[in-house]
Amino acid sequence: AVVSTQSTGVGVKGNPAGFNRGLDCDIIVSEVRDTSHKPDEIYGMIERLSPGSRKLELFGREHNTQNNWLTLGNQLDGVHLEWEDVKTKYFNRYGMALPF
């Protein structure tokens, strides 16, 4: 049997309304996947912690992208932003239109 562990940190900025502390367990048992491929269950757990809020994933890859999450990583294919205010800030900062 192949055994692998991966640590995940969840941070919170401010005091978001509706934050559900202690909602889920802190261990996921799942099949071992490719490098940096998190178990699908982790995204659901984080969504249940803070439903409707913005989420950020650092060091993400294409297979890690999720709807309503901002995923940052040097192995992503292009820039994909969903939130209008973030698109505006990106455009103002880098002075170029986004490819969507």
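Everything below is about the structure printed above this text.
Note that this is a predicted model, so its numbers are computed, not measured. Every chain is numbered on its own, with residues counted from 1 as its sequence reads. Side-chain atom pairs in this predicted model are given and counted only at pLDDT of 80 or more, local residue features only at pLDDT of at least 70, and totals for whole chains, interfaces and linings cover all residues. Calculated side-chain values reflect all of the structure's heavy atoms, with hydrogen atoms and water omitted.

1. A closer look at the environment of Leu70
Rule in force here: Only DSSP runs of H or I with at least four residues qualify as helices, and only runs of E with at least two residues qualify as strands; both kinds are numbered from the N terminus onward. In what follows, residue pairs with any heavy atoms lying within 4.5 Å of each other are defined as contacts.
Here Leu70 is to be found in strand S2 (residues 69-72). For the pair Leu70 and His37, spaced 33 residues apart in sequence, the C-alpha to C-alpha distance is 16 Å. Beyond its immediate stretch of four places on either side in the chain, Leu70 contacts Lys55, Leu56, Glu57, Leu81 and Trp83.

2. Details of the pairing of strand S1 (residues 55-58)
The line we're drawing: Using a 1.4 Å probe on the protein chains alone, a residue whose accessible area is under 20% of its type maximum counts as buried, one over 50% counts as exposed, and one in between counts as partly exposed. Pairs of strands are assigned from DSSP output, requiring at least two bridges between the strands.
Here S1 shows a clear split, with Lys55 and Glu57 buried on one side and none of Leu56 and Leu58 buried on the other. Across 4 bridges, S1 lies against S2 in parallel orientation. When the sheet's bridge partners are listed, Leu58 is paired in S2 with Leu72.

3. Topic: the packing of aromatic side chains
Put simply, the test is: Two aromatic rings, drawn from Phe, Tyr or Trp (for Trp, its six-membered ring), form a pair once their centres lie within 6.5 Å of each other, and the interplanar angle then sorts them: stacked below 30 degrees, edge-to-face above 60, tilted otherwise.
Enumeration according to the criterion identifies 2 aromatic pairs in this entry. Here Tyr43 and Trp69 contribute two aromatic rings whose centre-to-centre distance is 5.2 Å and whose plane-to-plane angle is 75°, an arrangement assigned as edge-to-face. With Tyr43 in helix H1 (residues 40-49) and Trp69 in strand S2, this residue pair connects regions lying 26 residues apart in the sequence. One exposure class covers both Tyr43 and Trp69, and it is buried. With a centroid separation of 4.9 Å and an interplanar angle of 50°, the aromatic rings of Tyr90 and Tyr94 are classed as tilted. With Tyr90 and Tyr94 both in helix H2 (residues 84-94) and 4 residues apart, the pair spans about one turn of that helix. Using a relative accessible area of 49% as the deciding quantity, one classes Tyr94 as partly exposed.

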